[in-house]
Amino acid sequence: SKRQFSTGNSTSCASRRPPFVLGILRETYNKWERRAPLCPSHIEQLISKYTPEKLQCIIQPSNRRIFSDAEYERAGATVSDDVTSANLLL
């Protein structure tokens, strides 16, 4: 008779990975700079495509940025001074 082996769990290792965390820094060098590397609609599209279980966004608060912190929050980002958990900073 043949032996059958089971891993005991049908979910893959990839599904248990922590989410990729994207961080957006506030502008600290030029007080006139208002541009942002990603706008809230980009954040919303990324989170929609990859789901919050696979992608999270952290935005440092800023009153200079062209988009408000509230717009980023509505798009699904977290506003926080702490971006140490980010895998990529923009």
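The structure this text deals with has already been given above.
Here the structure is a predicted model, which is why all the values come from computation and not from measurement.

Colleague: Which residues make up the overall build of the protein, and what values do they have?
Modeller: Along the backbone of the protein there are two helices and four strands. Starting at the N terminus, the α and β elements of the protein follow one another as β-α-β-α-β-β. For the protein, the proportion of its 90 residues judged to be buried stands at 24%. Long-range contacts, defined as pairs at least 24 residues apart, comprise 69% of the intrachain contacts of the protein with a sequence gap of at least 6. A total of about 7,000 Å² of accessible surface is found on the protein, and carbon and sulfur atoms cover 51% of it.

Colleague: Could you give an account of the pattern of salt bridges, naming the residues involved and the relevant values?
Modeller: Any two side chains of opposite charge can pair, given that their charged atoms come close. Considering all chains together, one arrives at three salt bridges under this definition. Two residues, Asp81 and Arg26, come together in a salt bridge whose shortest N-O distance is 2.2 Å. Of the two residues, Asp81 is situated in the loop between strand S3 (78-79) and strand S4 (88-89) and Arg26 in the loop between strand S1 (20-24) and helix H1 (40-50); the sequence distance between them amounts to 55 residues. For Arg26, a relative accessible area of 28% puts it in the partly exposed group. Between Arg35 and Glu33 there is a salt bridge, with its nearest N and O atoms 2.7 Å apart. Its relative accessible area of 16% is what places Glu33 among the buried residues.

Colleague: Kindly report on the packing of aromatic side chains, identifying the contributing residues and their values.
Modeller: In this structure the tally under the stated criterion is one aromatic pair. Between the aromatic rings of Phe67 and Tyr72, the centroid separation amounts to 6.2 Å while the plane-to-plane angle is 85°, which identifies the pairing as edge-to-face. The class of Phe67 is partly exposed, set by a relative accessible area of 25%. The class for Tyr72 is buried, based on a relative accessible area of 0%.

Colleague: Any details on the sheet that holds S4? Residues and values, ideally.
Modeller: An order of S3-S2-S1-S4 is seen for the four strands of this open sheet, with the pairing classed as parallel. Two strands in the sheet have a free side with no partner beyond their single neighbour: S3 and S4. Looking at chain direction, S1 and strand S2 (residues 55-59) are connected through five bridges and run parallel. Directly across from Ile24, in S2, lies its bridge partner Ile59. Across the face of the sheet, H1 comes into contact with S1 and S2 while running at roughly 155° to S2.

Colleague: Describe the side chain of Glu33, naming the residues involved and giving the relevant values.
Modeller: In this fold, Glu33 is placed in the loop between S1 and H1. Looking at Glu33, its side chain comes within polar contact range of the side chain of Arg35, at 2.7 Å. Those residues in contact with Glu33 that lie beyond four places of it in its chain are Glu27 and Arg64.

What counts as what
Residues numbered from 1 in each chain as written. Predicted model: local features only at pLDDT ≥ 70, side-chain atom pairs only at ≥ 80, totals over all residues. Heavy atoms only, no water. Helix = DSSP H or I, 4+ residues; strand = E, 2+ residues; numbered from the N terminus. Buried < 20%, exposed > 50% of the residue type's maximum accessible area, 1.4 Å probe, protein only. Contact = heavy atoms within 4.5 Å. Areas by Shrake-Rupley, 256 points an atom, 1.4 Å probe, with all protein chains shown as cover. Salt bridge = Lys/Arg side-chain N within 4 Å of Asp/Glu carboxyl O. Phe/Tyr/Trp six-rings, centres within 6.5 Å; stacked < 30°, edge-to-face > 60°. Pairing = 2+ DSSP bridges. Axes fitted to C-alpha atoms, helices over the stretch in contact; angles between N-to-C directions. Polar contact = N/O pair within 3.5 Å; in protein donor to acceptor, adjacent residues only side chain to side chain.

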